[in-house]
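Breakdown of the fold
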Amino acid sequence: MRKRFSLFCFTAAMWLAGCPIYGSSTSEECAFDSECGGAICLSGRCVECASDLDCTGMLLCRNNRCRPPEDGSCRTNGDCSTAEYCDGSDVSFTGNCTASKVCSTDDSCTENFWCDENQTCVPQSGCRSSDDCGASEVCVEAQCRSQSEVCQFDYECGGGRTCVNSACTAFCSNDTECASGQNCQGSYCQPNPNECSFSDDCSDDEYCVGGRCLTDCTSETVCSSNEFCENDGFCRPSYEPVPLCIKDGDCADLHVCVDGACRTPCSKGNDSDCMMFDNQLTICGTDDLCYASSEASAECAVRSDCSADRNCINAICR
């Protein structure tokens, strides 16, 4: 089920026909090719390959990165067949498809393995839901993150986005408006864990990662404007909160900048101070700042806090 690595520009005749030797620079300093995550080191800079001739040994140029040919090497579990997992894969493509066992539930697997979307026991990595995380963490884009790293309310996401299940996400009317690995669910771009079973189900520049088709990356320049390059080497939809202010001067008069948001000060315990400014700000918090009642009584943080047919949107199950 592994993707085929195409061969091109091998002959001198094809070279003379206009096949370039090197691609664009990634602006990363290097001394050896091994420091470039599949790119090549040229004159102290990591440079994308443009043909197989740029790569050393048996490596082939695929998606501007030097990769192993199909010899059992893999990038993700999705590159392997059912009852196999990718053992030791990283951004440099050093993994190998390793025999495992077929499963129906996590209980079918040994310790530190869980059952993936292909009914195969694979090593546990990151998280699949917030149940896999600590008490003060939530699972966002397959990583356990502290609440300070993610959003809880819409105002933390800037214009054009809303907070859904602790991730700032875009509004949408169809799937094409969402980033890779997402689809449009109820007017919000949400992770699509049923997009693929194997990497062959994805386009040529994508890999099947946890049931989602994602592009591999070594820097942010590879990803689109609404994505980021995660530590696992894949472009994932951006989830980060957007600070509305940096300093008090960014806010209106008599307001202060606190944790990236403009806040209204109030005298301790005096809710009327808040309602003088905005009838939505009804509570004077213990930090002497005004809050909306919905902020003071947040109903949820992630989908699992709500009933099965609801998401956590702006801290309310909807």
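Residues numbered from 1 in each chain as written. Predicted model: local features only at pLDDT ≥ 70, side-chain atom pairs only at ≥ 80, totals over all residues. Heavy atoms only, no water.

**Overview of the pattern of salt bridges**
Oppositely charged side chains can form a pair if their charged atoms are brought close together. Taken as a whole, this structure holds 8 salt bridges when the rule is applied. Note that arginine 45 and glutamate 29 form a salt bridge whose closest N and O atoms lie 3.9 Å from each other. In this pair, arginine 45 is assigned in strand E3 (residues 45–49) and glutamate 29 in strand E1 (residues 22–29), connecting sequence segments 16 residues apart. Look at glutamate 29 and you get exposed, because its relative accessible area is 66%. Its salt-bridge partner being arginine 236, residue aspartate 232 comes within 3.0 Å of it at the nearest N-O pair. By relative accessible area, which is 4% here, arginine 236 ends up buried. Among the ionic contacts, a cluster of salt bridges with common partners joins Glu141, Arg212, Asp232 and Arg236. (Salt bridge = Lys/Arg side-chain N within 4 Å of Asp/Glu carboxyl O. Helix = DSSP H or I, 4+ residues; strand = E, 2+ residues; numbered from the N terminus. Buried < 20%, exposed > 50% of the residue type's maximum accessible area, 1.4 Å probe, protein only.)

**A look at the environment of asparagine 314**
Looking at the secondary structure, you find asparagine 314 in the loop between strand E25 (312–313) and strand E26 (316–317). C-alpha of asparagine 314 to C-alpha of valine 164: the two residues are 150 residues apart in sequence and 6.6 Å apart in space. Among residues more than four places away in sequence, those in contact with asparagine 314 are Gln152, Phe153, Asp154 and Cys163. Within polar-contact distance, the side chain of asparagine 314 engages the backbone nitrogen of aspartate 154 at 2.8 Å. (Contact = heavy atoms within 4.5 Å. Polar contact = N/O pair within 3.5 Å; in protein donor to acceptor, adjacent residues only side chain to side chain.)

**Brief notes about the nonpolar core**
As a rule of thumb, soluble globular proteins bury nonpolar side chains together. Core analysis: the biggest nonpolar cluster contains 8 residues, these being Val138, Val140, Val150, Ala167, Phe228, Tyr239, Ala301 and Val302. Those residues within four positions of valine 302 in sequence are excluded, and the remaining contacts are Ser130, Val138, Asn165, Ser166 and Cys312. Counting residues in each nonpolar core, the second largest holds 6 residues, with Ile40, Cys55, Cys61 and Cys66 among its members. (Core = buried A, V, L, I, M, F, W, Y, C linked by side-chain atoms within 4.5 Å.)

**Description of the sheet that holds strand E6 (residues 73–74)**
Ordered in space as E6-E8-E7, the 3 strands form an open sheet in which the pairing is antiparallel. Of all strands in the sheet, those with a lone pairing partner are E6 and strand E7 (84–87), marking the two edges. Inspection of the sheet shows E6 paired to strand E8 (residues 95–99) by 2 bridges, in the antiparallel sense. Paired with cysteine 74 across the two strands is glycine 95, which belongs to E8. (Pairing = 2+ DSSP bridges.)

**Concerning unusual backbone geometry**
When glycine is set aside, most residues are seen to have a negative phi, and most peptide bonds are trans. Its identity as a non-glycine residue notwithstanding, alanine 83 has a phi of 75°, on the positive side. Locating alanine 83 in the fold gives a position in the loop between E6 and E7. Even without glycine at this site, asparagine 112 takes up a positive phi of about 70°. If you trace the backbone, asparagine 112 turns up in the loop between E8 and strand E9 (113–115).

Honestly, that's just the spatial picture; any functional story needs more than this.
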